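A structural walkthrough
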Amino acid sequence: MGDKPQGTIKERLSALQAQQRRQEVRRRAVMIGVSVAGVGALAAAGAVFWLNDRARTSLDAVQTINVTQRNHTSDPVKYPQAPPVGGDHSPAWQNCGVYTDPVRNENAVHSQEHGAVWVAYRPGLPKEQLDMLLDHARGRDFVLLSPYPGLSSAVALSSWGKQLKLDSAEDPRLPAFLKANINGPGTPEPGATCTGGVGEPSA
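Notes on the structure follow. Quick caveat, the model's predicted, so the values are computed rather than measured.

1. Focus: the layout of surface pockets
When its volume is computed, the largest pocket comes out at roughly 220 Å³. Surrounding the largest pocket, 17 residues form its lining, Ser 159, Lys 162, Asn 181, Pro 185 and Gly 186 being those nearest its centre. Here the residues of the lining of the largest pocket are counted per class, giving 7 nonpolar, 9 polar and 1 charged.

2. Thoughts on the nonpolar core
Membership of the largest hydrophobic core comes to 25 residues, with the highest contact counts inside it found for Val 119, Leu 133, Leu 145, Val 155, Leu 157 and Leu 178. Breaking this core down by element, the ones donating at least two residues are strand E3 (117-121), helix H3 (127-137), strand E4 (143-147), strand E5 (155-159), strand E6 (162-166) and helix H4 (173-181). Those residues within four positions of Leu 145 in sequence are excluded, and the remaining contacts are Gly 97, Val 98, Tyr 99, Val 119, Tyr 121, Leu 133, Leu 134 and Ala 137. Within the second largest apolar cluster, 9 residues are counted, among which are Ala 108, Ala 120, Tyr 148 and Ala 156.

3. Brief notes about H3
Turning to H3, its buried residues number three or more, namely Gln 129, Leu 133, Leu 134 and Ala 137. All buried residues of H3 project into a common sector of 145 degrees when viewed along the axis, lining one side. Exposed and oriented more than 90 degrees from the buried face of H3 are Lys 127, Glu 128 and Asp 135. Tucked into the core, H3 has its buried residues touching strand E2 (97-98), E3, E4, E5 and H4.

4. Notes on the sheet that holds E4
Strands belonging to one sheet form pairs held by backbone hydrogen bonds; the direction of such a pair is parallel or antiparallel. With respect to topology, 6 strands assemble into an open sheet ordered E1-E6-E5-E3-E4-E2, the strand pairing being mixed. The open sheet terminates on both sides in strands that have one partner only, identified here as strand E1 (63-64) and E2. Of the pairings in the sheet, the one linking E2 to E4 comprises 2 bridges and is parallel in character. The residue bridging Gly 97 from the neighbouring strand is Leu 144, located in E4. Running over the sheet, helix H2 (residues 105-113) touches E3, E4 and E5 and is turned about 140 degrees from E3. Its contacts with the sheet place H3 against E2, E3, E4 and E5, and it is angled at close to 155 degrees to E4.

5. Thoughts on the state of the cysteines
One pass over the full model with this rule turns up 1 disulfide. The disulfide partner of Cys 96 is Cys 194, and the gap between their sulfur atoms is 1.7 Å. The chirality of the disulfide connecting Cys 96 with Cys 194 is right-handed, given an S-S dihedral of about 60 degrees. Here the residue Cys 96 occupies a position in the loop between E1 and E2, and Cys 194 occupies one in the segment after H4, the gap between them amounting to 98 residues. Residue classification places Cys 96 among the buried positions, given a relative accessible area of 14%.

6. Some thoughts on H4
Working note: α-helix, 3.6 residues per turn, so residues spaced by three or four point in the same direction. When H4 is considered as a whole, its buried residues turn out to be Arg 173, Leu 174, Phe 177, Leu 178 and Asn 181. Buried residues of H4, viewed axially, fall in a sector of 140 degrees; they line one side. In the segment just after H4, Asn 183 is the residue with positive phi, at about 50 degrees.

7. Some remarks on the pairing of E4
Counting buried residues in E4 gives 5 out of 5 residues, a clear majority hidden from the surface. Where E3 and E4 come together, 5 bridges link them in parallel fashion. Across the sheet, the residue bridging to Val 119 is Leu 145, located in E4. Crossover connection from E3 via H3 to parallel E4: handedness right-handed.

Cut-offs and rules
Residues numbered from 1 in each chain as written. Predicted model: local features only at pLDDT ≥ 70, side-chain atom pairs only at ≥ 80, totals over all residues. Heavy atoms only, no water. 1 Å grid on protein atoms, 1.4 Å probe; cavity = no way out; pocket = protein on both sides within 12 Å on 5 of 7 lines; lining within 4 Å. Points joined across faces, edges and corners; volume = space filled by probe spheres on them. Nonpolar A, V, L, I, M, F, W, Y, C, P; charged D, E, K, R; others polar. Core = buried A, V, L, I, M, F, W, Y, C linked by side-chain atoms within 4.5 Å. Buried < 20%, exposed > 50% of the residue type's maximum accessible area, 1.4 Å probe, protein only. Helix = DSSP H or I, 4+ residues; strand = E, 2+ residues; numbered from the N terminus. Contact = heavy atoms within 4.5 Å. Arc of directions from axis to C-beta. Pairing = 2+ DSSP bridges. Axes fitted to C-alpha atoms, helices over the stretch in contact; angles between N-to-C directions. Disulfide = S-S within 2.5 Å. Right-handed = clockwise from strand over helix to strand, strands pointing away.

Don't take any of this as a statement about function, it's just geometry.
Take a look at the structure:
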């Protein structure tokens, strides 16, 4: 019995090294796969978060109405929307601010012509929701807040040619609508004032 041929030892060593290399390649492939899956999962989670957030604040549901008339009149006007989003109106605009009693459509529409958003709410709205509306309106120019008897929703946001009705004052689309439509691109008389008209707001 003698020593094993040197060639056999080298072959075994070579085979062992080749096996180790294959294992390392497999290990790296698994790590890369796990990393890619992790990045994919994070990207998917981010996309879902972005889509959900966009859905919460999207203004896709805003109704756009083509308003063709904006003459001054002292007569009552029959508007196709309640609250209205423009049309013929009183020569006097409603001073922007907070009102505890309903305001005349014809005066509020003139305020919309000047760039105001009319935040109307159904009488009897729970206090906590009314407080939210007050937070959005107080100390803010070009916001008109008032109750609106017979309103078909809890809250209605109306600017010239735009309207969005909400089931709750907590809806995150409310501040998004205000930002987009106070003196928005559809304002017929940008730069006009929302003070010096009629009415005495409480805030």
